[in-house]
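Okay, here's what each chain looks like letter by letter:
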There are 2 protein chains.
Amino acid sequence: MFSPLIDELMASLRCLPGVGPKSAQRMALHLLERDRAGAERLAASLQKAVAGVGRCQRCRTLTEQKFCGICANTRRDNTLLCVVETPGDVLAIEQAGTYQGKYFVLLGHLSPIDGIGPEDIGVDQLIKLLQDDPEHPEDRVREVILATNPTVEGEATAYYISERAKNLNVTVSRIAHGVPLGGELEFIDGGTLAHAFSSRRRL
Amino acid sequence: MFSPLIDELMASLRCLPGVGPKSAQRMALHLLERDRAGAERLAASLQKAVAGVGRCQRCRTLTEQKFCGICANTRRDNTLLCVVETPGDVLAIEQAGTYQGKYFVLLGHLSPIDGIGPEDIGVDQLIKLLQDDPEHPEDRVREVILATNPTVEGEATAYYISERAKNLNVTVSRIAHGVPLGGELEFIDGGTLAHAFSSRRRL
């Protein structure tokens, strides 16, 4: 319907999550009619980010530096390591504002059906971090906190990591799951409620 | 929170309509984690479109060719001209599938408060199209159909164009406004209902 370059731009915009044909059309026309400077800036940012952003050498999160801001921060507690699935999870935990340790970002979860095995989510690199480093004994990880998502794959990933870490001199813990604060029991799903009951604590 | 290149990508994504901080974060992380090829393709499409897409010399719609597909189509009726605000409006009318004439796309509407006057929406070019062309008398526009939006600015634009076209040998019409087909009276706003009553037709 539109000219080839505009059709191609609409098709390319569909790679963005949550963007269907109608949104892609609205975005393409908006950029071409009203914000060509923004479109050029977006193109440049995309190219720079794709070319420059790699992974933190310690925690595997997305960054263009050798070590990400959190890994490079010497005031954070090196003895605590929180394992999450994505950089977005790191942001969510940082915004909660209580955790002062470091992170390890799997960038995924175990999913044999999609061909994603332990080597794809960096489990060997994680185990290496948990092993004693004779040169820096003060940096030894005391506790690894598994904060993968409470989905089938996230639980399987947490279980696999806990098994691999069993023989190391490190405490393995899992974040608590149950009724969220402010949640009303009436609207909580059965699985969560059952988990909340089986994980109840003595007061 | 993220590294500078990722933060910049998120900021750039905000130029897309309907994309707030949360969506921008989700889009940036999705592209960097899972679809770098899509990101590169999007960057290239953006640059090609910004560099290549201009305006149709006849109807002012967005196209990278001299004349858009509809203006170049010799089987369409040259004696009917429909005036719309945006290329998206052309698409909506084409999808309705009944109109066989040509279009004129204002790419905006009169809005003195934003400094948008008749010259910015190509009214002079439109009037020129409506004037008799002694070389091609068979292409003379018989009727101009004003299909600007039924907003204050759209109505003002339609009124202005109708005044300018008054002395030309051309019929000026406005698309009908009223209760949409399938709409229930109960849920139609008062302004539309009042218009539907005042524009009632004898059966």
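Up top is the structure these notes are about.
In short, a report on the structure. The structure displayed is predicted, hence computed values, not measured ones.

Conventions adopted
- Per chain, residue numbering runs from 1 following the sequence as it is written.
- Just so you know, chain letters begin at A and ligand numbers begin at 1, following the order they were written in.
- Local features in a predicted model are, by the rule used here, given only for residues with pLDDT of at least 70; side-chain atom pairs are given and counted only at 80 or more, and totals for whole chains, interfaces and linings are based on all residues.
- Calculation of side-chain values draws on the structure's entire complement of heavy atoms; hydrogens and water are dropped beforehand.
- By convention in these notes, a salt bridge is any Lys or Arg side-chain nitrogen within 4 Å of a carboxyl oxygen on Asp or Glu.
- By definition, any uninterrupted DSSP run of H or I lasting at least four residues is a helix, any uninterrupted run of E lasting at least two residues is a strand, and each is numbered from the N terminus.
- Overlaid copies result from least-squares superposition on C-alpha atoms, with residues included only where pLDDT is at least 70 in both.
- Should any heavy atoms of two residues lie within 4.5 Å, those residues are counted as being in contact.
- Strands are labelled as partners when DSSP assigns at least two bridges between them.
- An axis is simply a line fitted to the C-alpha atoms; with a helix, the fit covers only the stretch in contact. Between two such axes, the angle follows the N-to-C directions and lies from 0 to 180 degrees.
- Burial classes follow relative accessibility: with a 1.4 Å probe on protein chains only, a residue under 20% of its type's maximum area counts as buried, one over 50% as exposed, and anything between as partly exposed.
- With respect to orientation, any angle under 35 degrees is reported as roughly parallel, any angle over 145 as roughly antiparallel, any angle of 65 to 115 as roughly perpendicular, and every other angle as oblique.
- Crossing handedness follows the turn of the near helix against the far one: under a right angle anticlockwise gives a left-handed crossing, and clockwise gives a right-handed one.
- By the convention adopted, Pro, Cys, Tyr, Trp, Phe, Met, Ile, Leu, Val and Ala count as nonpolar, Lys, Arg, Asp and Glu as charged, and the other residues, Gly among them, as polar.
- Think of it like this: strands point away, you trace from the first strand over the helix to the second, and a clockwise trace means the crossover is right-handed.

**Details of the pattern of salt bridges**
Residue and element names in this part refer to chain A.
- A full pass over the atoms with the stated rule returns 12 salt bridges over all chains.
- The residue Arg76 makes a salt bridge to Glu94 at a minimum N-O spacing of 2.9 Å. Placement of the pair is Arg76 in the loop between helix H4 (69-72) and strand S3 (77-84) and Glu94 in helix H5 (residues 87-96), with a sequence separation of 18 residues.
- The salt bridge partner of Glu155 is Arg174, with a shortest N-O separation of 3.4 Å. Taken together, the residues Glu155 in helix H7 (residues 152-165) and Arg174 in strand S6 (residues 171-174) connect sequence positions 19 residues apart.

**Considering the relation of the copies chain B and chain A**
- For the match of chain B to chain A, the screw axis carries a shift of 0.0 Å, the RMSD comes to 0.1 Å, and the turn is 180°. Accordingly, the operation relating the two chain copies is best matched by a two-fold axis. Considering only C-alpha atoms, the residue of chain B closest to the rotation axis is Ala43(B), which sits at 2.1 Å.
- Counting the interface residues of chain B, we find that 100% of their copies in chain A are interface residues as well, pointing to one common contact surface.

**Thoughts on the sheet that holds strand S4 (residues 101-105) of chain B**
Residues and elements named next belong to chain B.
- What the four strands build is an open sheet, ordered S4-S3-S5-S6; its pairing is parallel. For this open sheet the edge positions go to S4 and strand S6 (171-174), each flanked by a neighbour on one side alone. Direction aside, neighbouring strands of the sheet carry axes that sit 25° apart on average.
- Against the sheet, helix H5 (residues 87-96) engages strand S3 (77-84) and S4, with an angle of about 160° to S4.
- The sheet contacts of helix H6 (residues 123-130) involve S3, S4 and strand S5 (143-146), and relative to S3 the element is tilted by about 160°.

**Notes on H5(B)**
- All of the buried residues along H5(B) are Pro87(B), Gly88(B), Asp89(B), Val90(B) and Leu91(B).
- Lining the buried residues of H5(B) we find helix H2 (21-34) of chain A together with strand S2 (62-63), helix H4 (69-72), S3 and S4 of chain B.
- Looking one or two residues past H5(B), Gly97(B) carries a phi angle of roughly 80°, positive in sign.

**Regarding the packing of helix H1 (residues 4-13) of chain A against helix H3 (residues 36-52) of chain B**
- The geometry of H1(A) relative to H3(B) is characterised by a closest axis approach of 9 Å and an angle of 155° between their N-to-C directions. On the basis of their axis angle, the class for H1(A) and H3(B) is roughly antiparallel. In the crossing of H1(A) with H3(B), the sense of the turn from one axis to the other is left-handed. Contacts from Leu5(A), Glu8(A), Leu9(A), Ala11(A), Ser12(A) and Leu13(A) of H1(A) reach H3(B) at Arg41(B), Leu42(B), Ser45(B), Leu46(B), Lys48(B), Ala49(B) and Gly52(B).
- In the contact of H1(A) with H3(B), the residues fall into seven nonpolar, three polar and three charged.

**Overview of the sheet that holds strand S5 (residues 143-146) of chain A**
Residue and element names in this part refer to chain A.
- Pairing in this open sheet of four strands is parallel, and the strands run S4-S3-S5-S6 from one edge to the other. Both outer strands of the open sheet, strand S4 (101-105) and S6, are each paired with one neighbouring strand and no more. Sheet twist, expressed as the average angle between the axes of neighbouring strands with direction ignored, equals 25°.
- The sheet contact formed by S3 and S4 spans five bridges and is parallel.

**A closer look at the pairing of S3(A)**
All names here are of chain A.
- Within S3, seven of the eight residues are buried, which leaves it mostly tucked inside the rest of the structure.
- With respect to chirality, the unit in which S3 leads through H5 into the neighbouring parallel S4 is right-handed.
- Where S3 lies against S5, four bridges are found, and the strand directions are parallel. Residue pairing in the sheet places Leu80 in a bridge with Glu143 of S5.

**Examining the side chain of Thr86(B)**
- Within the element layout of this structure, Thr86(B) appears in the loop between S3 and H5.
- A residue is classified by how much of its surface remains accessible, and Thr86(B), at 18% relative accessible area, is buried.
- Beyond its immediate sequence surroundings of up to four residues, Thr86(B) is in contact with Glu33(A) and Val105(B).

Note that every value here comes from positions in space, so none of it alone points to a role or purpose.
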